[in-house]
Amino acid sequence: AGVASASVVVVVAASLEADGTLTDEAAALRPARQATADTPVYLGIRADLAATSVTATAAGVTAHADAIAAAVQGQDADGVYLEYTGMTQAQSSWLVDVATELKIRLGESGVIIGVPAGDEGYPVATLLDAADAVWVRAAADPAEFHRTVGTLLSDGSVSDASRVSL
């Protein structure tokens, strides 16, 4: 039957080790590809930046973007979804730089950044300049989720709300 209403399917099949090494599961996207027909399938990467050294150096941006691009191409993915938690304010520019480098390396493949609702450490407007889209992950507290969404849509920082998914 397949997926009828999804515009993108994300398969979280990669993670970061403590030393910053990216690991992904071989052929992890194959079942999603078979089930979704023409729907784009993205490689999802989850990581807690507080538990990894990947952001320690400026060279880390290039190395990380190269590793992600290789994984996306190796998985034959249509794009990448990054869901990085534990990010400090200082690391926010690192994430923007990674997204920018990924757009260069991946060309037409999509780059989506997942940000947690209520975490002001993520520069949503700047990430939108670097990536194709930002997905706001729901907070456990519905009031926090609605506050975040309201702020994103009303403070003027996001000029193109069509690229923000909730």
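Above this text you will find the structure in question.
This report concerns the structure included in the present document. (Residues numbered from 1 in each chain as written. Predicted model: local features only at pLDDT ≥ 70, side-chain atom pairs only at ≥ 80, totals over all residues. Heavy atoms only, no water.)

### Details of the overall build of the protein
Then comes step 1: A tally of helices and strands in the protein yields five helices and seven strands.
Then comes step 2: The buried share of the protein, reckoned over its 166 residues, is 45%.
Then comes step 3: Counted over contacts in the protein with a minimum sequence separation of 6, partners at least 24 positions apart contribute 69%.
Then comes step 4: For the protein, the exposed area adds up to about 8100 Å²; of that, 51% sits on carbon and sulfur atoms. (Helix = DSSP H or I, 4+ residues; strand = E, 2+ residues; numbered from the N terminus. Buried < 20%, exposed > 50% of the residue type's maximum accessible area, 1.4 Å probe, protein only. Contact = heavy atoms within 4.5 Å. Areas by Shrake-Rupley, 256 points an atom, 1.4 Å probe, with all protein chains shown as cover.)

### Remarks on the environment of Gly86
Then comes step 1: For Gly86, the location among the structural elements is in the loop between β4 (79-85) and α3 (92-106).
Then comes step 2: Separated by 39 residues in the primary sequence, Gly86 and Ala47 have C-alpha atoms spaced 8.4 Å apart.
Then comes step 3: The residues contacting Gly86, other than those within four sequence positions of it, are Asp48, Leu49, Ala50, Gln91 and Tyr122.

### With respect to the pattern of salt bridges
Then comes step 1: Enumeration according to the criterion identifies five salt bridges in this entry.
Then comes step 2: Close ionic contact of Arg105 with Asp66 constitutes a salt bridge, the shortest N to O distance being 2.5 Å. Residue Arg105 is found in helix α3, and its partner Asp66 is found in helix α2 (residues 59-74); the two are separated by 39 residues along the sequence.
Then comes step 3: Taking relative accessible area as the criterion, Arg105 reaches 25% and is therefore assigned partly exposed. (Salt bridge = Lys/Arg side-chain N within 4 Å of Asp/Glu carboxyl O.)

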